[in-house]
Amino acid sequence: MTRLAPTRRDVLSLFAFAALAASARAAAPLPGDSVYQLHPRLVDQDGHPFDWASTRGAPVLASMFYTSCEMVCPLIFESIRRTVDAFDKPVRDKVRVVMVSFDPERDTVPVLKETAAKHHCDARWSLVRGSGADARRIAALLGVQYRRLPSGEFNHSSVISLLDDEGRIVKRTTTVGDVDPALVAAARPL
Amino acid sequence: MRRRRTGALAIALATAAGLACAADYVRLPGGTFTSVLPQGATQGSAAAARVDPFDLRATPVTRAEFRAFLARHPEWRRGRAPAVFADAAYLADGPAADDAPGAADARPVTEVSWFAAQAFCDSEGGRLPTWLEWEFAAAADETRADARADPTWRQRILSWYAQPATIAPRDVGGPPDVHGVRDLHGLVWEWVDDFNALFVAGDSRTQGDPDTLRFCGAGAISMADRDNYAVLMRIALLSSLSAADTMRSLGFRCVRPASGEPR
């Protein structure tokens with residue numbers, strides 16, 4: 001502290017004010033194991049910026065895909081749609097689906113829009129793209145593996161994650177093409 | 001450059017002491033390269049991949065360098081980094097931001113998660129190397145850019161893996177290879193950017209079995225070069241990790257896109 005510093009009491013009241021302001025503004029602190037700790041820059045299928053943490057407060061089904069994938073990716077969309085249908089009504093109404101592309105080069109906004117239409121994605125769904133680095137970070141959080149081959153195709157794993165309202169992963173499934181009953185059961189208390 | 005230049009004398013002294021200039025990046029020329037990872041959709045196909053030129057840190061990131069990073073980025077200090085980015089053992093043996101300089105400063109930093117390693121590289125305008133870049137660099141020895149076919153070279157590298165992991169890593173600054181890169185073998189394991197993409201095998205277009213569907217078709221691990229055990233062990237280790245995991249023998253180094261003249 002220099003001699004020009006404010007008095008201790010000034011500092012204390014400043015701190016108190018700042019703390020008060022912060023608590024009025026922010027919700028409860030995010031848990032350390034929440035995927036919303038990450039701050040990727042994403043855009044959705046309508047070209048709007050997509051705040052990764054905007055689904056906080058709702059249960060979420062999150063997965064990754066790339067549009068030019070012909071085999072497993074359509075099955076992931078199908079599985080998620082059927083999983084949502086299998087949820088009990090309260091969860092079904094509030095659940096959000098977030099699909100992150102790991103091929104942002106080719107999955108432009110118009111492509112995402114088209115993909116959403118093709119898979120009959122309703123307002124609960126967000127198909128999003130970001131930088132390649134953000135895709136890699138999200139994959140690391142969700143436990144998705146992918147690798148681009150020289151042909152432009154991807155080798156990738158298919159993982160669907162269920163997040164609770166704080167963004168904690170409560171269940172992961174690698175079942176694709178069918179509804180995983182464990183995922184439906186895990187969503188019941190959410 | 002992040003390296004502090006306190007004058008030519010200090011640099012001369014450091015060089016004389018045999019220390020690698022810590023934040024030095026060296027140019028790797030790139031080229032076509034046959035990875036142990038299959039590059040095609042069919043299993044085991046060892047097609048050559050294209051590696052663009054890149055600048056690689058000559059040594060792994062040291063404890064002193066990571067301490068300086070923690071001073072500038074308090075959000076990455078032990079106890080501050082959220083659990084989703086770093087496990088409970090993150091930096092358990094230091095360094096901490098307020099540590100005094102010490103004898104272990106020149107050792108490679110370990111117990112660092114993939115997210116923390118990424119953040120460090122980001123802070124100096126770099127990123128983690130891809131597996132292909134790392135493997136390309138690690139193929140070199142003192143005189144050759146690709147020494148992998150030499151059984152003597154393979155044996156020398158394998159001998160490190162036979163050492164017990166309880167021995168604390170020595171200081172960075174082993175002998176340079178033909179590119180001027182040090183310590184790629186024989187010191188620590190190193191994170192790569194796409195660590196979570198290594199065991200993904202080719203698409204065999206089969207349906208029905210959830211285990212095969214998990215990997216867009218195929219479940220089998222297929223490697224193009226089964227004799228390069230040392231490199232295969234790296235892949236096995238890396239692909240067993242989650243991004244928040246830390247290990248006492250796992251460090252990292254960064255790359256930057258090649259720009260301007262090689263240094």
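Before reading further, recall that the structure is shown in the block above.
Description of the structure in this document. (Residues numbered from 1 in each chain as written. Chains lettered and ligands numbered in written order. Predicted model: local features only at pLDDT ≥ 70, side-chain atom pairs only at ≥ 80, totals over all residues. Heavy atoms only, no water.)

Before going further, it helps to spend a moment on the overall build of chain A. When helices and strands are tallied, chain A shows six helices and nine strands. By sequence separation, contacts in chain A at least 24 residues apart represent 70% of the contacts at least 6 residues apart. For chain A, the accessible surface area stands at approximately 9400 Å², while carbon and sulfur atoms represent 56% of it. (Helix = DSSP H or I, 4+ residues; strand = E, 2+ residues; numbered from the N terminus. Contact = heavy atoms within 4.5 Å. Areas by Shrake-Rupley, 256 points an atom, 1.4 Å probe, with all protein chains shown as cover.)

Once that is clear, we can look at unusual backbone geometry. All names here are of chain B. A cis geometry characterises the amide bond from Gly 94 onward to Pro 95, with omega recorded as 5 degrees. The topology assignment puts Pro 95 in the loop between helix H2 (63-72) and helix H3 (114-123). Of note in the backbone geometry, Glu 111 takes a positive phi value of approximately 55 degrees without being a glycine. Take Glu 111: it is sitting in the loop between H2 and H3. The exposure class assigned to Glu 111 is buried, which follows from its relative accessible area of 5%. (Buried < 20%, exposed > 50% of the residue type's maximum accessible area, 1.4 Å probe, protein only.)

Residues and elements named next belong to chain A. Overall, mixed pairing links the five strands, which are arranged S5-S4-S3-S8-S9 in an open sheet. The open sheet has two edge strands, strand S5 (125-128) and strand S9 (169-173), and neither has a second partner. Neighbour-to-neighbour, the strand axes of this sheet turn through a mean angle of 20 degrees, independent of strand direction. (Pairing = 2+ DSSP bridges. Axes fitted to C-alpha atoms, helices over the stretch in contact; angles between N-to-C directions.)

Residue and element names in this part refer to chain B. Taken as a whole, this structure holds 21 aromatic pairs over all chains when the rule is applied. Look at Trp 114 and Phe 115: their rings are 5.0 Å apart centre to centre, the planes differ by 75 degrees, and that puts the pair in the edge-to-face class. Each member of the pair Trp 114 and Phe 115 is classed as buried. With 5.4 Å between their ring centres and 75 degrees between their planes, Phe 120 and Phe 252 make a pair best called edge-to-face. Taken together, the residues span a long stretch of sequence, with Phe 120 in helix H3 and Phe 252 in the loop between strand S6 (250-251) and strand S7 (255-257) at a distance of 132 residues. (Phe/Tyr/Trp six-rings, centres within 6.5 Å; stacked < 30°, edge-to-face > 60°.)

A separate point is the state of the cysteines. Residues and elements named next belong to chain B. With the rule as written, the count across this model stands at one disulfide over all chains. Disulfide pairing places Cys 121 opposite Cys 254 at an S-S distance of 2.1 Å. Its torsion about the S-S bond being -80 degrees, the disulfide of Cys 121 and Cys 254 is classed as left-handed. One end of the pair, Cys 121, is in helix H3; the other, Cys 254, is in the loop between S6 and S7, and 133 residues separate them in sequence. Comparing Cys 121 with Cys 254, the two get one shared label, buried. (Disulfide = S-S within 2.5 Å.)

A word on the nonpolar core. Grouped together as the largest cluster of nonpolar side chains are 112 residues, with contacts concentrated most on A:Trp52, A:Leu61, A:Met64, B:Phe66, B:Trp76, B:Trp191 and B:Phe252. It is H3(B) that contributes the most residues to this core, seven residues altogether. Discounting residues that sit within four places of it in the chain, A:Trp52 has contacts with A:Val35, A:Tyr36, A:Leu38, A:Pro40, A:Leu42, A:Val98, A:Val100 and A:Ile138. (Core = buried A, V, L, I, M, F, W, Y, C linked by side-chain atoms within 4.5 Å.)

All names here are of chain B. Taken in spatial order, the three strands of this open sheet run S1-S4-S7, and their pairing is antiparallel. Pairing within the sheet leaves two strands with one partner each, and these edge strands are strand S1 (25-28) and S7. Each neighbouring strand pair of the sheet contributes to a mean axis angle of 30 degrees, computed without reference to strand direction. As defined by bridge partners, strand S4 (residues 54-57) adjoins S7 across three bridges and the pair is classed as antiparallel. Along S7, the bridge assignment pairs Leu 56 with Val 255.

Attention shifts here to the pairing of S4(B). Residues in a regular strand project their side chains so that they alternate between the two faces of the sheet. Residue and element names in this part refer to chain B. Every second residue of S4 is oriented toward a common face, with Phe 54 and Leu 56 on one face and Asp 55 and Arg 57 on the other, all of them buried. Here S1 pairs with S4 via four bridges, running antiparallel. Pairing of Tyr 25 across the sheet is with Arg 57, part of S4.

These values are about where atoms sit, not about what they do.
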